[in-house]
Structure formats: C-alpha cells, structure tokens
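# Overview (structure and organization)
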Amino acid sequence: MVLSVLTAAGTVSAAPQSSLQASSPDNVQQGGTFDVTYQFTNDGDANGTAGIEFQLPDGVQIANYDPESAYDTEGAYIFGEVAPGETQSVTVTFQVADDAATGDQTVTATGTITGADSTSTVDTSVTVNSADDGTTTSTTTPSNDGGDDHRAANADGSGEAPTDGVSEVYIFPDATVYKGEEDLTFAGGLGSSLTGVAGNAEGTILSPPVPQDQSEGRYTIDGESGSDGVTVNTPRVTQLDVNNQNGKDISGGSVSEQNARNLTVAADWNFQEAEDLEITVEDSSGLEITGDVVEGSDTIKNADGEASWNLDLSDQDAGDYSITVEGTEDLDFGQASQTTSIALNTDDDIELDLGSSSVTQGSNVQYTIRGGVAGNVHHVVIDANDLRDSTSNRGATQVFRNVGDVNARGIITDDGNVYGPNEISELGSDESIDYLYAAVEIDDDTGVGVGSIDTQYLDDTSIDVDVYDAGTTPDDIVSGVSEADSTSLDVTEGEVTIDNPSDTYVVGSEVEVNGTAPSGLDSVALYARDQGDYELIPIGTISVDSDGTWSEEDVRLSEVSDIFRITGTYRLGAIDAQDARNSSGGLSPTLSTSDFNSGTSGQTSLRVTKTSLDAKFWTINGQVAQETGTIDVNGTAPGADNVLIGFIGRRGSVVTTTSSVDSDDYTFDEDDISISNLAEGEVNGFAYHIGQDDVVGDGELPENRNADVNGLTDWLRNGQGSRDGTQIWNAFESETIDDSASDDNVVQTSFRLADASSRINTVYTEGHEASGLNPIAVGETAMVKGQTNLQPDDNTITLELQNQDGDTVALTSTDEWSWDGSWSLEMPVGDDVATGNYTLEVDDGENTDTVDVQVVNASELETSTSTSTSTSTSTSTSTSTSTSTSTSTSTSTSSSTSTSTSSGSSPGFGAALALIALAGAALLALRREN
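From a predicted model like this one, the values you see are computed outputs, not experimental measurements. (Residues numbered from 1 in each chain as written. Predicted model: local features only at pLDDT ≥ 70, side-chain atom pairs only at ≥ 80, totals over all residues. Heavy atoms only, no water.)

## Quick word on the sheet that holds strand S27 (residues 351-354)
Pairing within the open sheet is antiparallel, and its three strands lie in the order S27-S29-S34. The strands lining the two open edges of the sheet, one partner per strand, are S27 and strand S34 (449-454). On average, each strand axis in the sheet is inclined to that of its neighbour by 25°, with strand direction left out of account. (Pairing = 2+ DSSP bridges. Helix = DSSP H or I, 4+ residues; strand = E, 2+ residues; numbered from the N terminus. Axes fitted to C-alpha atoms, helices over the stretch in contact; angles between N-to-C directions.)

Here's what the structure looks like:
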C-alpha cells in the first residue's frame, strides 16, 4: 500500500503538508465506468514524495490512471516528488461490476506526502443504477436523437428544432453547436457539461449557453474522442454578393438608377440549422430602408444555407447604401455578420470621359465609360484618318492600349472585319482600315469601363473619340450607326530635348547622350547634321522611360559619325523613332531638315574640339626624396582612354606607366609611381596621349615599331642605346609633339631626385616671432619651423628637445605640411624644464638635423621695437619643353620703420660675451683705418 512506498523523512524544521480535492462523478449504471479527477497540493514549505491511497466499495475497481504513474502500486497512485505550492492531478477511471450493488457507493481517497504530520482524505459518492431500470446515463441512447442535425424542439428528440434564435432547442449527441448560441439544453445523455477532447479545446468545459469565445473542436461526456458529444463551430456568412441583371457581382461598386431595379442580394451561411439569416439595408444617413427596397420577407430559413433577396433601389436618391446580412438573434457578431455597399448614381445614359482633353503627342490618355451595366461590352472607336502617316498597320492596332477593362483591340476594315495586333499580318491587300477600336467591358466592381489611348500613333490634330451602345457590332459601326456619346481629344506635337552632351564634344571621348521626350513615346533615334540633310547615327533606337527620359551610355560620337570626327560646330538631333521610319519600317539613313523638324524632334548645337591634356606632378618644392622614391600624378585628358606617364633620369634610365582615364569626368590619377631606380639629379617627367589622328607623331616610330602607346613605350624603354637623359628627352619630343603633322599632347615637368632631407630653420617662443634660432622660455610654447623634401601624410617629422645628458624633455610630431616642404611645429616647454643649453633635434625617419638652443626664463625674453627698411625685387622665368611655354615675373617692395629700447641683460648672452663683442668691433674699426 502507499505507506510501504512512502518512507518517512527525518525530522526537520520545515515540512510538507498534503491537501487533496476530487471532482464529482455522474451517475453510473451497473457494468459502466465513471471518472474522478483528484488534485493534490503540497501546502507545506518543503518537498516530499506524494501519493493517494484508495479504499473501494465492493463491486468497484480501478480501471485506469491518466496519466499513468511511474510506480506500480496496487490500490494507490504515486505522484513522485511535489514541491511546496505545487499541484499535481490524476484522473482515475473506476469500473463498476455488472452485479455491483445499486444505490450510493463511496470511494475514499487519502492523500499523503512524506515528512507530513497529517494526511488529507476525500470521500466521493457515486449513484449506481440498475442496468435495466431505464435511468438516463451517458451510455443510454434515447429513442429519438433529434434527426439529421441532432437538434429537436422537445427533450425526447421529437419536433423540428426552431431556428428563430429565441426558442429553446435540445441538443443531442453528434450535433454541431455554434459560438454564441443561447437557449440550448443538452439531451440524450450528454449531461449538463462536456469536456474538450483535443487541440485548444482539450480539457475545456462546455455547457450552454455557448460563449462567443469558446474554442472550436469536439467535446464529449468524458473528454474521450470515442464518447458521445458535440462539435463547436464558428458561425460564418461565407459569401455576400449584389448581382445585377447580367448576374455580375457589383457589391462595392456602383449602379445607375435606371439599372438598379432588378438587383439580387445573395448570401451563403454555415449555421442554417441554428439560426435564420436576415438582411438590413441602410441609406447614407444610416436610416434603415429594408422594407422599402427588399421584396418579401427580410428573413430567410433555408436548410441548404443559401439565401437571396430581390433588391430595388431605382426609386432611391443617389448615394451610398449599405447591405448587411447576419443571424436573426444570437449569431450577429464576428464572421456571422457581413456588410457590403453599393453606390447609386444618376448616370442613366452612356457617357465617355477623357482624362485630359489636350495631350502632347506620345502621351497616354485615359478614357472612362459611365452609365453602363456591369458585364455589358461597349466599343470605343477612332477614325483611321487620324493616324500619323508613318504609322504601320501593326501600330494602328495598338492605338488603344490593352489595359484596364479592355477585352479586345485592333482595327475595323471597310467591310466590318476586325484584326488585332496578332492577326494584322492577315489583312488583305484589298481591305482598308476604317476605324481603330477597343471593346470595353463595364466592371462589376466599379460600374464603369476604363481604357487608355496611346497617342504616339496619332496625328497632331483634333480627334473624335466615340463610344457605342452595348450590342453594337463592327458591321453596325461601318454601316454608320449613331454613337452613344462622342468627345474630342486635341493632340499637339511633343518636344524632344538633348541635355547631354551640351555645347562641346572632345574628339575621341565617350559620353552619355541623354534628354527628355513625351513619356508616351517608345523610343528616339539620333541624327547628326553638318550641312544639308540629317544623317543617322547608327546606334539603334534609344528607349524612352516612363518618366519621359532617355539615355545611352558610352557613346563615342567621333567613331559612330564622321561628322563629329573633325573639329567644328555641328547639329546633334533626336527624333521620335516613329517619325524617322521609312516605308519598310527601318530608320531612314537621312532626313531632310523639313522632315526632321516636322516630326517630334529636338536638336542642339555641338562644338567639336580636339583632345587636350592637363597634368600635375606632386613634388616637394621641386624635389622627390630618393629614399621614398615615389611620386603622384593626376590630371584630365578629355578624348583619351589612357595617358602614358613617364620619367627620364639624367643617366638615361626610363620609368613609364599607363593610367586609365575616367569616361565620366575625363580624370586620371596614379599614386606612388616608383622612380627610386633613377639616378639622383634632374629628372624629366611627362604625361602624354595620342591626338585625334590616333597615331604617335607622324605615324612612324624607329625600327618599325607600331605607332601607338605600346610601341612608344617599348621605344622609350628599349630603343635608346647609350643616350643620356637629355638626349632621350629631345628624341621623345622629336618623335611626338615636334614630329610632322603631329597633334599629340604632352605635359612636361622637371624636378630633382635627391637624398631625403629635413632641417630646422627657425626657433622662437610663441608671441616673440623672430627669424633664425632664438631662445625659448620655460612654461611657454616653442615655435619651430623647417624644410623637408619628403611627402606629407606618408612620412612623419618628430621634434625632440634634449638636455646636455641626452634626456628628452619635450617631444612632438606631425605628418602634415605643405607641398613646398615647409613644416611647422608647436612644442610646449614644461614649467619643470631647467634653464640652460639644449639640443633641438628633428627626425624624419631617414635622417636627423640638430641645432643648439637656450632655454631661459620668460622674464628674460627681449621686449623690443625694431626699425628696419627693406626693398626686394625678384624676377623668375621658367620654360618647359612641351606644347606650352610659360614665363612669370614678380616684383615686391616693402618698407617699415620701428624704434626699439631695451634694458637689462641680453637674453642668452652674459657680460663676458658682451665684452668680446665690443672687442671685435674695435678690431674691425682698426682694420678699416689701415
């Protein structure tokens, strides 16, 4: 028994405490079963192993535990360890013997937990009925189960269950009940409540009335899937349509008063066995008008779950109307209630509206048919005489676009035949095109028919657009039947612009040609004009985007058109490709000025210039340090694909590299070109590219080398023999820019390749600016300036102030200075630095420079006013061997007057030094006298 399994724990200050509860079972017949659910709670403050011991009456046995226990103990159920406050439960199924005594029987359950000083006992009574006494139990089947839907008007299962939503309904096993149903009574042995079997419903109790939030699923008398029970479902209106006389659903759309007489509201619902469906109609003010517009009863009972009402809105005012269908009483919430709307308008006649009455040729214009009946088809027509002369037969079939509510489009011939875009090739030679048409169906949602016209195929004139009544055939139209409505569309000639290139074009350069055009145009073609006709630029057509822009990248105009190969001023034109096509459908090789201007076109004046070159060589004050040995070169070269960059050393060594030119902005940029292998001294640098004749010099290079950049590079590197740098440079000029009929471009420079050098030029204390080396003060900032030939950013200059023992007392550094090599540093001198003689050292990583300075007290710094007059004049001239020569002259004159007075000792000089200075002055005076 339980006590043999639950061994007592040692005495502790904290202890568990048992608490047992049990559910009440239904009555049971002899031979039947009943379930009791026990809940055990540890009300103590310590863990313990818990269990239940059962005392059973005669004729009652334990049949099953749910869940099963991990311990196999006869007459008892063991939970295992239960923590303080934790609750565990078990459902016990008891089997009643066929010959068990009838009447009330008691099952006693005792809950125990190890370590507790007490137990908890629950007595559960169950009434055992005789198997043949007729008492209704969960296993009893009534004589009538409520019919096919297992619902009935009476408790014995007789009578059709009412569906008015207010009368009481008896629910029998296997019935379906719906969320929100009231006035229900479980019958047929279902008892007063049921238990969910699986899913969200598992373990959930169901009892009438059914809550609106009850979980869907199967509920049975004992929570077992095979037992008697019912199914809970969600009530839904599954469809709601408003159909016109054509059977088209126009719910959410519109209808004219004339066509609103014979409307039908159709709905499907899934809870027909539970509740009837009713309709409610309200006008735009919220007033219910159901009785005025719905023929017959507003409530429908139908076992098939389908309902329909005749709706007549023809006598109502124009406006919006709402139509709601839902259950008659309880089931009028959530998905059991659906609403739609319909707009009533006064468009009783067929009308045709255009989105715009005037458009630019090439634009799309929308049209709308109003006053039609949803599902009806109307023809919209344009006379073929309004086509442009250049429009092909296929283009004629595409005037009406295949969009919106268009069912078909194409052309109508003089004998009433119709051809669409895919059939136009079958047009007979004896047939002529009379009309362009679109067949448009009135939409059942919007109540209108919508389409669009592509005006790129139409002439720039005033065009009539006609619409015909439903049922009118192409034969009727050709025969001259009157249209239902007509409106005019003014088509004006569009404009094409060229935005790029503008003003100038450099021979050989790649450019993006772009501009604007009417957004409805498909494509444009490019033409060029010198004198006379426009000539086609053979790059094909360029598509026009939806925003009205067109572009073609990487066009080398001088290659695709001879006109742009020679310098001068010419015309670049763009024209609607439709206007440029000849009778065979291809682009015309030439267009007269008149033909070009009469089309949708645009042109711009373009000045063609020869190639040019600009380059900058980045040196430091005309020098490059041998130790770093690199140089940066950048510039612009319109019309060139690449630029040859070269350097010629004084001993005849040559370094070259090729730099690509950006096709967008014509720039080139080469960093860190290595020239460290050249000899120290003067270096000639150059940037070069071939001119518009596309050959080096006069087209010949020594030893039959190819007259291109590769051939020139090979000749520079390998064809110089024992020439020195000057000779190589002279030979280079003679083969390129100085050659006969050459149009090559060269930018030249010269600089020195020298040892790395950094030096200190000026030292003074901040606020006491002076040239040369001056004392610096304790507690102040020393200003130190100098010169270097190293490149900034890639190198660092470090400045140290050292005492006589070689100890560093101040340190600073920089990697920023100007390209003239001038550097400047600020060095704070600490208050703890002693006065005296110091060494100031600059280190650039390659070499060092030192100067001696004195550190003095701030009070010893000279306060002076000086008088000086100076005049300076300088003239400089520079000439480079290239396509350009420059000379510059500059002169400057300055004068100033100042007076200075000083007292006390001279900073940095003692009395002995002053006497030596005086003695020197006296000796100089004696020499002058002699």
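Next comes the rest of the write-up.
## Details of unusual backbone geometry
Glycine aside, negative phi is the norm for most residues, and most peptide bonds take the trans geometry. Residue Pro67 is bonded to the preceding Asp66 through a cis peptide linkage, with omega at 5°. Assignment of secondary structure puts Pro67 in the loop between strand S5 (60-66) and strand S6 (76-82). With omega at -5°, the peptide bond leading from Pro208 into Pro209 counts as cis. Summarising the element assignment, Pro209 is placed in the loop between strand S15 (205-206) and strand S16 (217-220).

## A word on the sheet that holds strand S57 (residues 781-788)
Paired through their backbone hydrogen bonds, the strands of a sheet run either parallel or antiparallel. Spatial strand order, S55-S57-S60: three strands in an open sheet with antiparallel pairing. The sheet terminates laterally at strand S55 (758-765) and strand S60 (822-828), the two strands that pair on one side only. For this sheet, the mean angle separating the axes of adjacent strands, direction not counted, is 25°. The pairing of S55 with S57 spans seven bridges and is classified as antiparallel. Residue pairing in the sheet places Ser758 in a bridge with Thr788 of S57.

## A short note on the pairing of strand S53 (residues 681-689)
Across the nine residues that make up S53, a large majority, eight, are buried. Pairing of strand S50 (residues 642-649) with S53 involves six bridges; the strand directions are antiparallel. Within S53, the residue paired with Ile645 across the bridge is Ala687. Pairing of S53 with strand S54 (residues 745-754) involves nine bridges; the strand directions are antiparallel. (Buried < 20%, exposed > 50% of the residue type's maximum accessible area, 1.4 Å probe, protein only.)

## Considering helix H9 (residues 725-735)
At 3.6 residues per turn, the α-helix brings residues three or four places apart onto the same side. Every buried residue belonging to H9 is among Gly725, Ile728, Trp729, Ala731, Phe732, Glu733 and Glu735, and all of these are buried. Here the buried face of H9 lies against S50, strand S51 (654-660), S53, helix H8 (709-718) and S54. N-capping of H9 is provided by Asp724, with a side-chain oxygen placed 3.2 Å from the backbone N of Thr726. (Contact = heavy atoms within 4.5 Å. Polar contact = N/O pair within 3.5 Å; in protein donor to acceptor, adjacent residues only side chain to side chain.)

## Comments concerning the packing of H8 against H9
Running from amino to carboxyl end, H8 crosses H9 at an angle of 160°, the nearest separation of the two axes being 11 Å. Classed by the angle they form, the pair H8 and H9 counts as roughly antiparallel. Crossing handedness for the pair H8 and H9: right-handed. Between H8, through Leu712, Trp715 and Leu716, and H9, the contact on the second element is made entirely by Ile728, Ala731, Phe732 and Glu735. (Parallel < 35°, antiparallel > 145°, perpendicular 65-115°, else oblique. Left-handed = near helix turned anticlockwise from the far one by under 90°.)

## Some points on the environment of Val661
Within the fold, Val661 resides in the loop between S51 and strand S52 (667-674). It is 7.7 Å that separates the C-alpha atoms of Val661 and Thr636, two residues lying 25 residues apart in sequence. Among all residues touching Val661, those that are not within four sequence positions of it are Ala637, Ala640, Asp641, Asn642, Val643, Tyr666, Thr667 and Phe668.

## Describing a negative patch on the surface
A cluster of like negative charges, contributed by Asp164, Glu168, Glu182, Asp183, Glu329 and Asp332, occupies part of the molecular surface. Relative to the assigned elements, Asp183 resides in the loop between strand S12 (176-178) and strand S13 (184-186). For Asp183, a relative accessible area of 34% gives the class partly exposed. (Patch = residues over 30% accessible without salt bridge, like charges linked within 9 Å, V, L, I, M, F, W, Y side chains within 5 Å. Areas by Shrake-Rupley, 256 points an atom, 1.4 Å probe, with all protein chains shown as cover. Salt bridge = Lys/Arg side-chain N within 4 Å of Asp/Glu carboxyl O. Lys, Arg positive; Asp, Glu negative; His and termini not counted. Charge placed at Lys NZ, Arg CZ, Asp CG, Glu CD.)

## A closer look at the packing of aromatic side chains
Counting across every chain of the model gives 20 aromatic pairs. Summarising the aromatic geometry, the rings of Tyr534 and Phe596 are spaced 4.0 Å apart at their centres and angled 15° between planes, so their arrangement reads as stacked. One end of the pair, Tyr534, is in strand S41 (residues 534-536); the other, Phe596, is in helix H7 (residues 593-598), and 62 residues separate them in sequence. You can call Phe596 buried: its relative accessible area is 0%. One aromatic cluster in this structure is built from Phe34, Tyr38, Phe40, Phe54, Tyr65, Tyr77, Phe79 and Phe94. When the ring centre of Tyr534 is taken as reference, the NZ or CZ atom of Arg529 above it lies at 5.8 Å. Lying across the ring of Trp618, Lys616 places its NZ or CZ 4.6 Å from the centre. (Phe/Tyr/Trp six-rings, centres within 6.5 Å; stacked < 30°, edge-to-face > 60°. Lys NZ or Arg CZ within 6 Å of the ring centre and 35° of its normal.)

## Some points on the pairing of strand S24 (residues 306-311)
Where burial is concerned, the two faces of S24 differ: the one with Ala307, Trp309 and Leu311 is buried and the one with Glu306, Ser308 and Asn310 is not. Relative to S24, strand S20 (residues 263-269) runs antiparallel, the two being bridged by six bridges. Bridge assignment links Ala267 to a residue of S24, and that residue is Ala307. Summarising the sheet, strand S22 (residues 294-295) and S24 pair through two bridges and their orientation is antiparallel.

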